[in-house]
Amino acid sequence: MSSQTSSHKPRVAVVFGGRSSEHAISVLTAGAVLRAIDREKYDVLPIGITTDGRWALTADDPDRMAITDRRLPSVAELAESAEGGVVLPVDPTNREVVYSEPGSVPKALGEVDVVFPVLHGPYGEDGTLQGLLELSGVPYVGSGVLASAVGQDKDYMKRVFASFGLPVGPYEVIRPREWAQDPAAARKKIVDFAGEHGWPLFVKPARAGSSMGISKVDDLSGLDAAIEEARSHDPKILVESLLRGREIECGVLEFEDGPRASVPAEIPPVTAHDFYDFEAKYIDSATGIVPAPLTAEQTAKIQELAVAAFEAASCEGLVRADFFLQDNGEFVINEINTLPGFTPISMYPRMWQESGVSYPELIDRLLQAALRRSTGLR
């Protein structure tokens, strides 16, 4: 295990990339995090995971982790070798990270004190990486296995919220077996849902983020293409009715005395896009309004709901909670994101900046919260 002395700087492994469709967004986030970490206080080891799952030693070069001419970055471009791999031992008595290449003697990279996983989507944000780190006995930023899994699966997320009395909008789920055994019946299930709640509908993967694979469907003619698009990201899909109102977000951050909510932000209607989709978020740089123009009572209510969602899903570290403020004045929670984006235009750090927590302080608070926690049952 690492020995903590007065002269020891905690070593942070920033793990990014991954096998999900949000690979490039994770690289963007890693660039921003690497740029913000206080190098006087922490040693840093960047580790990228390629789209095929290889753990690669990468350059500590945030400038290369950016969108260039509308082109998204990848770990493969940043890896120091096309074949070398990084191994984190699954042994709680040993935090030594090892790097090896075919035909070469493995090289020890030193011990890691804490992992900052900035992966989004499956195989990173969904509890799988968190489980590996629990087995390894290495503290990490963010939620544990259960909360990460719940936060990734929009079906079970909504079930948990509803069980805690949080307001959830109408939705329907089509599971892989339903589609495989009787696609006509699965499709009818969606059509019946539309008959009850009206068009348009949103068809989305149950376990993806960054608006990947989401389609707004105005009528029956666009349904099949939307289903196919969602299932290309996840065999389990979610269908939601359109909630008319304003899109409001709120950040939650773990302080020494517990979770606190940031000032909320509003995502205004995006005129060049049907909804706040991937292109609007990351390519065309749609900007939110921070703080959201809400009454004091509305602000207090959404902050209360955001912390309640954090607690309901047993989250740790951080969460971005997304809501709709309906035309009738009621809030409905859409989803939480247990590892929200940290790109320069991401809403989570912007909300905390407006709340008095600078970007570097935000990163430091997350790392310190992770170092305070133990792995295992807690």
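What you are looking at is a predicted structure, and each value in this text was computed from that prediction instead of being measured. (Residues numbered from 1 in each chain as written. Predicted model: local features only at pLDDT ≥ 70, side-chain atom pairs only at ≥ 80, totals over all residues. Heavy atoms only, no water.)

A. Representation of the packing of aromatic side chains within the structure. Counted under the stated rule, the structure contains five aromatic pairs. Judged by centre distance (6.2 Å) and plane angle (65°), the ring pair of Phe342 and Tyr359 falls under edge-to-face. In this pair, Phe342 is assigned in the loop between β16 (331–337) and α11 (347–354) and Tyr359 in helix α12 (residues 359–372), connecting sequence segments 17 residues apart. The same class applies to Phe342 and to Tyr359, which are both buried. In this structure an aromatic cluster arises from ring pairing among Phe116, Phe342, Tyr348 and Tyr359. Sitting above the plane of the Phe255 ring, Arg260 keeps its charged end 4.0 Å from the centroid. (Phe/Tyr/Trp six-rings, centres within 6.5 Å; stacked < 30°, edge-to-face > 60°. Helix = DSSP H or I, 4+ residues; strand = E, 2+ residues; numbered from the N terminus. Buried < 20%, exposed > 50% of the residue type's maximum accessible area, 1.4 Å probe, protein only. Lys NZ or Arg CZ within 6 Å of the ring centre and 35° of its normal.)

B. Inspection of α12 at higher detail. Taking 1.5 Å of rise per residue, the 14 residues of α12 would be expected to cover 20 Å, and the 20 Å separating its terminal C-alpha atoms lies within 8% of that figure. The complete set of buried residues in α12 reads Tyr359, Leu362, Ile363, Leu366, Leu367, Ala369 and Ala370. Projection of α12 onto a plane perpendicular to its axis shows the buried side chains occupying an angular sector of 160°, all on one side. The inward-facing, buried residues of α12 abut β1 (11–17), α1 (23–36), β7 (114–117), β12 (245–255), β15 (318–326) and α11. (Expected span 1.5 Å × (residues − 1). Arc of directions from axis to C-beta. Contact = heavy atoms within 4.5 Å.)

C. Region of interest: the pattern of salt bridges. With the rule as written, the count across this model stands at 29 salt bridges. With a closest N to O distance of 3.7 Å, Glu172 and Lys189 form a salt bridge. Within this pair, whereas Glu172 is found in strand β8 (residues 171–174), its partner Lys189 is found in helix α7 (residues 183–197), the two being separated by 17 residues in sequence. According to the relative accessible area criterion, Glu172 is partly exposed, its value standing at 23%. Three or more residues are tied together by salt bridges with common partners; here these are Glu134, Glu254, Glu316, Arg373 and Arg378. (Salt bridge = Lys/Arg side-chain N within 4 Å of Asp/Glu carboxyl O.)

D. Expanded view of the sheet that holds strand β4 (residues 85–87). The antiparallel open sheet is built from three strands, whose spatial order is β4-β5-β6. Strands at the two margins of the open sheet, each flanked by one partner only, are β4 and β6 (107–111). The mean inter-strand angle of the sheet, taken between neighbouring strand axes irrespective of direction, is 25°. Direction of pairing for β4 relative to strand β5 (residues 96–100): antiparallel, over a ladder of three bridges. Note on β5: the bridge partner recorded for Gly85 is Ser100. (Pairing = 2+ DSSP bridges. Axes fitted to C-alpha atoms, helices over the stretch in contact; angles between N-to-C directions.)

E. Structural detail: the confidence of the model for the chain. On average, the chain scores 90 in pLDDT, and the residues at 70 or more come to 93%. Between residues 1–6, whose pLDDT stays under 50, and residues either more than four places distant or in other chains, the model counts 10 contacts. A low-confidence stretch, residues 280–285 (pLDDT under 50), is modelled with 23 contacts involving residues beyond four sequence positions or located in other chains. (pLDDT = per-residue confidence, 0-100.)

F. A look at the nonpolar core. One finds Val14, Phe16, Phe116, Phe342 and Ile363 to be the most contacted residues of the largest nonpolar core, which totals 35 residues. Mapped by element, the contributors of at least two residues to this core are β1, α1, α2 (75–78), β7, β12, α11 and α12. For Val14, the contacting residues outside a window of four places in its chain are Ala30, Leu34, Ile37, Val44, Leu45, Pro46, Ile47, Phe116 and Val118. (Core = buried A, V, L, I, M, F, W, Y, C linked by side-chain atoms within 4.5 Å.)

G. Summary view of the layout of surface pockets. The space that makes up the second largest pocket amounts to roughly 210 Å³. In terms of lining, the second largest pocket is formed by Glu134, Tyr140, Gly144, Val145, Leu146, Ala147, Ser314, Glu316, Gly376, Leu377 and Arg378. Here the element with the most residues in the lining of the second largest pocket is helix α4 (residues 145–152); it accounts for three residues. Of the residues that constitute the lining of the second largest pocket, the class distribution is five nonpolar, three polar and three charged. (1 Å grid on protein atoms, 1.4 Å probe; cavity = no way out; pocket = protein on both sides within 12 Å on 5 of 7 lines; lining within 4 Å. Points joined across faces, edges and corners; volume = space filled by probe spheres on them. Nonpolar A, V, L, I, M, F, W, Y, C, P; charged D, E, K, R; others polar.)

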